[in-house]
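Tertiary structure, described
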There are 2 protein chains.
Amino acid sequence: MTYTIKDVAKRANVSIATVSRILNNQPGYSEKTKAKVLEVIQELGYQPNAVARGLINRRTHTIGILFPSLSSLFTGKLLSGVEKIAHEKESSVIACHTQSQGLKTMKYLQMLNEKRIDGLIFTSELLKEEYYEYIKKIDIPAVLLATESFAFPLPYVKVNDHHAAYSAVQYLIKKGHTKIGMISGLPTDPIAGKPRIQGYLQALEDYQLEVNKDYIARGDGFKFGEGKAAFKQIMTQFPDITAIFCASDELAVGAISQAYEMGIRIPDDVSIIGYDNLQIAEMSVPPLTTVAQPLEKMGETATHLLFKMLEGSNDVENKIISHQIIERESVKALETRDL
Amino acid sequence: MTYTIKDVAKRANVSIATVSRILNNQPGYSEKTKAKVLEVIQELGYQPNAVARGLINRRTHTIGILFPSLSSLFTGKLLSGVEKIAHEKESSVIACHTQSQGLKTMKYLQMLNEKRIDGLIFTSELLKEEYYEYIKKIDIPAVLLATESFAFPLPYVKVNDHHAAYSAVQYLIKKGHTKIGMISGLPTDPIAGKPRIQGYLQALEDYQLEVNKDYIARGDGFKFGEGKAAFKQIMTQFPDITAIFCASDELAVGAISQAYEMGIRIPDDVSIIGYDNLQIAEMSVPPLTTVAQPLEKMGETATHLLFKMLEGSNDVENKIISHQIIERESVKALETRDL
DNA sequence: TTGTACGCGTTATCAT
DNA sequence: ATGATAACGCGTACAA
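The written sequence of each chain sets the order in which its residues are numbered from 1. In the order they appear in the text, chains get letters beginning with A and ligands get numbers beginning with 1. Per-residue local features of the predicted model are confined to residues with pLDDT of at least 70, and side-chain atom pairs are confined, for both listing and counting, to 80 or more; whole-chain, interface and lining totals are unaffected and use all residues.

**Remarks on the sheet that holds strand E9 (residues 271–276) of chain A**
Residue and element names in this part refer to chain A. Strand order in this open sheet of six strands is E7-E6-E8-E9-E10-E12, and the pairing throughout is mixed. Taken across any chain shown, the strands that pair with only one partner, and hence form the sheet edges, are strand E7 (216–218) and strand E12 (324–326). This sheet shows a mean twist of 20° between the axes of neighbouring strands, independent of strand direction. Paired strands are those between which DSSP finds at least two bridges. Under the DSSP-based scheme used, a helix requires at least four consecutive residues in state H or I and a strand at least two consecutive residues in state E, with every element numbered from the N terminus. Two elements, strand E8 (residues 243–246) and E9, share three bridges in a ladder whose sense is parallel. Bridge assignment links isoleucine 244 to a residue of E9, and that residue is isoleucine 272. Throughout, a pair of residues is in contact if the C-beta atoms placed from their backbones lie within 7 Å. Angles here are taken between N-to-C directions and fall from 0 to 180 degrees, while the axes themselves are lines fitted to C-alpha atoms, restricted in helices to the stretch in contact. Each of strand E6 (180–184), E7 and E8 touches helix H9 (residues 194–206); the most contacted strand, E6, lies at about 170° to it.

Structure, rendered in structure tokens:
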């Protein structure tokens, strides 16, 4: 049996209005009736119906979050941060899995709209016009997480990919490397592809190192298998490369794995630096040096931002989260250079 | 602007009853009015309010899922499978993060109850009496995923841990190993601790191998760091051990990592077999041989089971999912034995 | 301090 | 084939 506010009212010999007031601690009752009502609530184990509340308050205390993949190593941390803050704000989070498909994404957006979520977090991929138009049409607060949009004005929280990539390559250079390759994502990916490639290029230029476009092996994504393939390709073509910047930790671990198969020693023969600092970074053999995105913190920040919007704040600003080099053992110093 | 059924009705010159009928394709209108109404719906971009629907239908098309951790490698796959089926069933899933804390868990349970979720999935940890009593009290369909309860009658889906552990050790034995250690979780953990230890013990016994309780190094959990520590301990104490069964892939990868630090070669000096088959298993160097739990499939199965319960089916049965040895490169054959 | 009654957006029952 | 209208469980103006 699940009780309603009416049951409580009847049993406590008061009106539902009084019960409601007590529940929402608004003024208008004596301490005595309050005590009585609370007692009855306790007794019955009454729990307010959030659905009814949502209907009348126009607030469901639920937010939605869209991920291209739910099972990637990346997603967990993000979700964890988001859920943490949402929970602090008395809200819950509906996790959706778009598989990067436009159709699925639109369906999820619709479903979330029908459920009247309070706000939306969109993660890790490009915001298509179709999505933006819909979000705008249903007029719901939304923030971008681990992605950004150049075309549409939605606030975002992410690291500066260009800068982070630059830092990684700079680190390699300061360790004395001069022949530096890269395993990248798709250059057509404006979020995680191109900016990292450009950061890499920029660093080489700034330090007057040879830039050879063929030093960049492109994966179709950021996955392990692609890292393996790319490493093989790059190392057979340019065996004199001494260090590689990988655009993701999965790519980097793939490279390490491939190196092992090829009998190439990391970091003795070639140094590897990754990007992300996922759990696998510390678990790899050797442990992976990488530039960290603080994913959990990013999730928290995005959620704080979203709630600020919900509370009607007007100073919603994009947040660039600072990245950081995590030194482990996959990079070897050559003759060190002072720069 | 977000429209209601009233707006549609007015604009189409029909009653809200008719609109509702069309929306739920129930009989009682002409093709002509149907067309007209659909047209208006299109025009306005009307989307039914699921909150109002939930209130009257007593069905929210939302299920809740409780995880001890949201960011573990384990969780993602499980969630992915659950979400997939839920989505097929036109439902969404609220992900909760209990941190294995009783208080938090109870709070989540309450919140989910207030939101009037249709069903609940409880994962990866022991179902306390308090939880069960509450679930029973609010009278909501629930299934256990990657865990089971000996004390309380909730259906579960998981692999047979005892059997899976047995298989792993048997595999080692068939590869010719006779001095086999184990890195385990807590023996007091009735779900993932004890059964795996007993499976290990049983296999040794069945094949008349020496069982030495000290060959078991206990972690406080199943994490990477614990794997490292346990490996160090076990190998310094018993350097003649040739193979180790690890109760999780994280533990196994920790062992491999530690081996690397100690200059012990895997699998040449010692063989390692893991448990889970997470993504890290294929990524490790060398790639990890392990006994696979099909996590995604388990998530799917649990969700199917839950929906069966929702639909009032009475043949809800526990599902034991079959495990499977995934051969990779972390186990070396000694003189092979025919057994 | 307290209660009545309307409305939130639907579905469903009963008329017509 | 269609329309009024009463729920669903709650919050809140208004009245008392």
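**Describing the domain arrangement of chain A**
Residues and elements named next belong to chain A. The start and end points of each domain follow an automatic or database-based domain assignment. Here chain A is partitioned into domain 1 (5–57), domain 2 (62–159 + 295–322) and domain 3 (161–292). In this structure, domain 2 and domain 3 have C-alpha centres spaced 29 Å apart. On the side of domain 3, nine residues touch domain 2, which itself brings seven residues to the contact. Classifying every residue of the side of domain 2 that touches domain 3 by side-chain character gives five nonpolar, one polar and one charged. In the scheme used here, Gly and all other residues not listed as nonpolar or charged are polar, with Ala, Val, Leu, Ile, Met, Phe, Trp, Tyr, Cys and Pro taken as nonpolar and Asp, Glu, Lys and Arg as charged.

**Focus: the environment of leucine 78 of chain B**
All names here are of chain B. Mapped onto the elements, leucine 78 comes out in helix H5 (residues 73–88). On the basis of neighbour counts, which here come to 26 C-beta atoms within 10 Å, the residue leucine 78 falls in the buried class. Separated by 217 residues in the primary sequence, leucine 78 and leucine 295 place their C-alpha atoms 5.3 Å from one another. To assign burial, the other C-beta atoms lying within 10 Å of each residue's own C-beta are counted, with C-beta atoms placed from the backbone; 20 or more indicates buried, 12 or fewer indicates exposed, and intermediate counts indicate partly exposed.

**Comments concerning the interface of chain A and chain B**
Each partner contributes to the interface: chain A provides 44 residues, whereas chain B provides 43 residues. For the side of chain A that touches chain B, the elements supplying multiple residues, two or more each, are helix H4 (50–57), helix H5 (73–88), strand E2 (92–97), helix H6 (102–114), helix H7 (129–138), helix H11 (249–262) and helix H12 (279–283) of chain A. The biggest single contributor to the side of chain A that touches chain B is H5 of chain A, with seven residues. Of the residues that constitute the side of chain A that touches chain B, the class distribution is 21 nonpolar, 17 polar and six charged.

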